[in-house]
Amino acid sequence: MMAEASDIRAPAGATAWRPLLTALLATGLASCGGPPESAEQQLRAWVDRGHEAAENKDRGALVEMISPTYSDARGNSRSDIENLFRYYFLRAGKIGLLVSIDDIEIFDDTAAQVMLTVAMGATTDSVLGFNADAWEFELELEKADDEWLLVSGRWNDVGDELR
């Protein structure tokens, strides 16, 4: 028997994960042929692909963008984030993102820090019928086997200190 969307309960601490989910929804993997891309071009394509995957609610593609060793200061692991995607995608209707890459720092073409500002809107079954948020993110990525993977992140509401 299938559970109704209204029967689904948020995992413990889900509201604390919401900003990270937004950031992860805004990221993706670069995979295209042609001439070799610079590390910055690869990272920009990574963000674009994640943006598209998030708006299409493609949880599998988003989870593949996260390192199996992901951890953050809030105690989240890759499986915690996967469970959050599952919950959020079942609860949200259409998802829309506005993503701004504020800064990209690359270290020896194998590690990077990406600063993002992300505005997210989603249709919901709430009283208003939609939800909107704006977050700032500091994402840490490593390149493994020619793919960029998210290894950690910090985030908070726009204007607040990252944690």
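In this text, all values refer to a predicted model and were calculated from it rather than measured experimentally.

Participant: Outline the nonpolar core, supporting the account with residue identities and numerical values.
Facilitator: W46, I95 and L141 are the most contacted members of the largest nonpolar core, which totals 32 residues. Counting only elements with at least two residues in this core, the list comes to α2 (39–55), α3 (59–64), α4 (78–91), β1 (95–107), β2 (111–123), β3 (130–144) and β4 (147–157).

Participant: I'd like to hear about the confidence of the model for the chain, residue by residue, with values.
Facilitator: Put simply, the chain has an average pLDDT of 82, and 74% of its residues get 70 or more. In the model of the chain, helix α1 (residues 14–25) stands out as the element of lowest mean pLDDT, 58, in contrast to α3, which has the highest, 96. Predicted confidence is poor over residues 1–8, with pLDDT under 50, and the contacts of this stretch with residues over four places away or in other chains come to five contacts.

Participant: Give a description of the environment of I101 that names residues and reports values.
Facilitator: By secondary structure assignment, the location of I101 is in strand β1. Linking I101 and F137, residues 36 residues apart in sequence, is a C-alpha distance of 9.7 Å. Other than its neighbours up to four places away in sequence, I101 contacts R44, V47, V114, M115 and L116.

Participant: Go over the environment of L150 with me, naming the residues and quoting the values.
Facilitator: Here L150 lies in strand β4. We classify L150 as buried; its relative accessible area is 0%. Separated by 39 residues in sequence, L150 and A111 place their C-alpha atoms 9.9 Å apart.

Participant: Give me α4: which residues, what numbers.
Facilitator: Here α4 is 14 residues long and its end C-alpha atoms lie 20 Å apart, about the 20 Å a rise of 1.5 Å per residue gives. R78, I81, L84, F85, Y87, Y88 and F89 are the residues of α4 that are buried.

Participant: For the pattern of salt bridges, give the residues involved together with the corresponding values.
Facilitator: Following the criterion strictly, the structure yields five salt bridges and no others. E82 is the partner of R59 in a salt bridge, and the nearest nitrogen-oxygen pair spans 3.0 Å. Here R59 is found in helix α3, whereas its partner E82 is found in helix α4, with 23 residues between them in sequence. One network of salt bridges, in which partners are shared, links R59, E82 and R86.

Participant: Now, about unusual backbone geometry: what can you tell me, with residues and values included?
Facilitator: We note that K57 has phi near 55°; this positive angle belongs to a residue other than glycine. Relative to the assigned elements, K57 resides in the loop between α2 and α3. The partly exposed category is assigned to K57, whose relative accessible area is 32%. The backbone of D108 shows a phi angle near 55°, a positive value even though the residue is not glycine. Mapped onto the secondary structure, D108 falls in the loop between β1 and β2. Residue D108 is classed as exposed on the basis of its relative accessible area, which comes to 73%.

Calculation criteria
- Residues numbered from 1 in each chain as written.
- Predicted model: local features only at pLDDT ≥ 70, side-chain atom pairs only at ≥ 80, totals over all residues.
- Heavy atoms only, no water.
- Core = buried A, V, L, I, M, F, W, Y, C linked by side-chain atoms within 4.5 Å.
- Buried < 20%, exposed > 50% of the residue type's maximum accessible area, 1.4 Å probe, protein only.
- Helix = DSSP H or I, 4+ residues; strand = E, 2+ residues; numbered from the N terminus.
- pLDDT = per-residue confidence, 0-100.
- Contact = heavy atoms within 4.5 Å.
- Expected span 1.5 Å × (residues − 1).
- Salt bridge = Lys/Arg side-chain N within 4 Å of Asp/Glu carboxyl O.

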